[in-house]
Amino acid sequence: MKPVKVGICGLGTVGGGTFNVLKRNAEEIERRAGRQIIVEQIGTRHENPACDTKGTQLTADIFEVASNPEVDIVVELIGGYDVALQLVMTAIENGKHVVTANKALIAVHGNEIFEAAQKKNVMVAFEASVAGGIPIIKAIREGLASNRINWLAGIINGTGNFIMTEMREKGRDFNDVLKEAQALGYAEADPTFDVEGIDAAHKLTILASLAFGIPLQFEKAFTEGISKITREDVQYAEELGYRIKHLGISRHAENGIELRVHPTLIPRSALIANVNGVMNAVMVDGDAVGQTLYYGAGAGAEPTASAVVSDIIDVVRTLTADRDNRVPHLAFQPSALSDVPVLPISETESAYYLRMNAVEKPGVLAKVSSILGEEGINIEAIIQKETKEYQVPVIILTQRVLERKMDEAISRIEALDEINGQVTRIRVEHFTA
Ligand code: HSE
């Protein structure tokens, strides 16, 4: 059979890894795909010193790759929104299949991209867009296709997890760890995407669509970053038997879909609480399978290339299938996507960790607990830390309650004369049904 020709756009960390894996494993890949896969052309403005591109056509114009008649599959690894969207749409228009690692692009423009691809009978594969080397998209879309998914939760930003781990284990400074993650090629071009949870929200949006069969709705994701987590919170959480992780959580609740990224206290004994450094992990709970956990490197040149190249092989294997006989882009048939709403954060339910500074005098805790009681919030645990100051940190763990009830309780607590400053709130998850 004729070889399949690939055009790679972008030769940075992931592009370089993709080129090297395709080249190094060419023989094994051919045995798997049933055809030879060759890199026909690379669109890049800069050579990558990690790649020996001798003998491969290079161009500084990525659009040349998207319209090269020899290229069957365009691999978009430039990142970002606008140019990447133009490139992918041009490739589709030219009848080329697309493989991309671009989570921002898929989360924000995926609906229109898939519609265009469907019309042109081409595939858009995006395994590398979520959790780097972990084949989580394939697991949800194919491996768990028999299940009604109840919820999923994941550590899906390596940089954020790396920062939290280094801060907790080594007491390192936030900015110092972030610089290291940038140097290692883990961080986004704009690292606030990592730290403020935008990157995780992109990935969660994709996972939620695959799990629940809803259109991509990034704009409805609730996002809270890790930059306000203090060393004290990390320490109090440990004392209570929890660990703070930056999680993306999506749950099929009775009245809609929860879609939220925020720091979360999780029991220290949970496997996912022990996912450290740049590693990612995603838990998926299905009605038939129960809880499952997927773990691996969420970023980096070759782990991400592993997903990109596997997607290329997948595309090659199904080249002759028509669009109605392929695995649908969003796991469910496009005509069967559901309009179940994504819930605003105020309508989601969670347990909470609260930390507040209370004036050291009798009756303060009674006032706080009566506010919680009046709002229908059950207290699970309460600790008052010893101090010689005139104010004491009080930490309260609550049971599950609607976020809007907690908003109300927090504003009433903050209005008390005996409470100084704001109440810190961190959501708590136990991963039960
Ligand atoms: N910046 C991302 C991360 C890269 O740290 O996980 C992989 O998507």
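Since we're looking at a predicted model, the values are computed, not measured.

A.B. asks: Quick question: what am I supposed to make of the nonpolar core here?
C.D. replies: Across soluble globular proteins, nonpolar side chains show a tendency to be buried alongside one another. In this structure, Ile136, Ile206 and Val284 are the most contacted members of the largest nonpolar core, which totals 54 residues. Secondary-structure elements contributing two or more residues to this core are helix H3 (62-66), helix H4 (82-93), helix H5 (103-120), helix H6 (136-143), strand E7 (149-155), helix H10 (198-212), strand E10 (256-267) and strand E11 (279-286). The greatest single-element share of this core, amounting to 9 residues, is contributed by H10. Inspection of this core shows a minimum of three residues originating in each of domain 1 (4-135 + 301-336) and domain 2 (136-295). The contact partners of Val284, leaving out residues within four places of it in the chain, are Ile136, Ile140, Leu144, Ile149, Trp151, Leu152, Gly290, Gln291, Thr292 and Tyr294.

A.B. asks: Whenever I open this one, the packing of aromatic side chains confuses me. Can you help?
C.D. replies: Two aromatic rings, taken as a pair, are described by how far apart their centres are and by the angle between their planes. Applying the stated criterion across every chain, the model contains 3 aromatic pairs. Geometrically, the ring pair formed by Phe162 and Tyr186 is edge-to-face, given 6.2 Å between the ring centres and 80 degrees between the ring planes. Highlighted residues: Phe162 in helix H7 (residues 158-170) and Tyr186 in the loop between helix H8 (174-183) and helix H9 (192-195), separated in sequence by 24 residues.

A.B. asks: Please clarify how the sheet that holds strand E4 (residues 73-76) should be interpreted in this entry.
C.D. replies: Two orientations exist for strands paired in a sheet by backbone hydrogen bonds: parallel and antiparallel. Read from one edge to the other, the open sheet built from 6 strands follows the order E3-E2-E1-E4-E5-E6, with strand pairing classed as parallel. Strands at the two margins of the open sheet, each flanked by one partner only, are strand E3 (57-59) and strand E6 (124-125). Pairing of strand E1 (residues 4-9) with E4 involves 4 bridges; the strand directions are parallel. Note on E4: the bridge partner recorded for Ile8 is Val75.

A.B. asks: Would you mind showing me how to read helix H12 (residues 301-317) here?
C.D. replies: The end-to-end C-alpha distance of H12, which contains 17 residues, comes to 24 Å, matching closely the 24 Å that a straight helix rising 1.5 Å per residue would cover. Every buried residue of H12 is accounted for by Thr304, Ala305, Ala307, Val308, Val309, Asp311, Ile312, Ile313, Val315 and Val316.

A.B. asks: Honestly, the pattern of salt bridges in this entry has me stumped. Any pointers?
C.D. replies: Note that side chains of opposite charge can pair when their charged atoms are close. As enumerated under the stated definition, the model contains 35 salt bridges in all. For the salt bridge of Asp199 with Lys103, the shortest nitrogen-to-oxygen distance reads 3.1 Å. One end of the pair, Asp199, is in helix H10; the other, Lys103, is in helix H5, with 96 residues separating them in the sequence. Accessibility assignment for this pair places Asp199 and Lys103 in one class, buried. One salt bridge connects Glu258 with Arg260, and the closest N-O pair in it is separated by 2.8 Å. Here Glu258 matches Arg260 in class, with each residue buried. Here the salt bridges do not stand alone but share partners, grouping Arg251, Glu258, Arg260, Glu349, Arg400 and Glu429 into one network.

A.B. asks: Whenever I open this one, the packing of H5 against H10 confuses me. Can you help?
C.D. replies: Relative orientation and spacing of two packed helices are given, respectively, by the angle between their axes and the distance between those axes. In contact at an axis separation of 8 Å, H5 and H10 are set at 55 degrees when each is read in the N-to-C sense. Taken together, the axes of H5 and H10 lie oblique to each other. Judged by the sense of rotation from one axis to the other, the crossing of H5 with H10 is left-handed. When H5 is examined against H10, the residues Lys103, Ala104, Ile106, Ala107 and Val108 are found in contact with a partner set consisting of Asp199, His202, Lys203, Thr205 and Ile206. Residue composition of the contact of H5 with H10, grouped by class: 5 nonpolar, 2 polar and 3 charged.

A.B. asks: Please explain the site of the ligand as it appears in this structure.
C.D. replies: All residues in the neighbourhood of the ligand are listed as Lys103, Asn157, Gly158, Thr159, Tyr186, Ala187, Glu188, Asp194, Asp199, Lys203, Gly298 and Ala299. Note that an oxygen atom of the ligand is positioned 2.7 Å from one of the backbone N or O atoms of Gly158. One of the side-chain N or O atoms of Asp194 is found 2.7 Å from a nitrogen atom in the ligand. About the coverage of the ligand: the protein hides 92% of its 260 Å² of free accessible area.

A.B. asks: When you look at the environment of Ile426 in this model, what are you seeing that I'm missing?
C.D. replies: Mapping Ile426 onto the fold places it in strand E17 (residues 419-428). Separated by 144 residues in the primary sequence, Ile426 and Val282 have C-alpha atoms spaced 20 Å apart. Ignoring sequence-local partners within four residues, the contact set of Ile426 consists of Ile229, Asp233, Ile244, Pro263, Thr264, Leu265, Ala351, Tyr352 and Tyr353.

A.B. asks: Mind showing me how you'd approach the environment of Pro341 here?
C.D. replies: Mapped onto the elements of the fold, Pro341 is located in the loop between H12 and strand E13 (349-359). Other than its neighbours up to four places away in sequence, Pro341 contacts Asn255, Gly256 and Ile257.

Conventions adopted
Residues numbered from 1 in each chain as written. Predicted model: local features only at pLDDT ≥ 70, side-chain atom pairs only at ≥ 80, totals over all residues. Heavy atoms only, no water. Core = buried A, V, L, I, M, F, W, Y, C linked by side-chain atoms within 4.5 Å. Buried < 20%, exposed > 50% of the residue type's maximum accessible area, 1.4 Å probe, protein only. Helix = DSSP H or I, 4+ residues; strand = E, 2+ residues; numbered from the N terminus. Domains from an automatic or database assignment. Contact = heavy atoms within 4.5 Å. Phe/Tyr/Trp six-rings, centres within 6.5 Å; stacked < 30°, edge-to-face > 60°. Pairing = 2+ DSSP bridges. Expected span 1.5 Å × (residues − 1). Salt bridge = Lys/Arg side-chain N within 4 Å of Asp/Glu carboxyl O. Axes fitted to C-alpha atoms, helices over the stretch in contact; angles between N-to-C directions. Parallel < 35°, antiparallel > 145°, perpendicular 65-115°, else oblique. Left-handed = near helix turned anticlockwise from the far one by under 90°. Nonpolar A, V, L, I, M, F, W, Y, C, P; charged D, E, K, R; others polar. Near = heavy atom within 4 Å. Polar contact = N/O pair within 3.5 Å; in protein donor to acceptor, adjacent residues only side chain to side chain. Areas by Shrake-Rupley, 256 points an atom, 1.4 Å probe, with all protein chains shown as cover.

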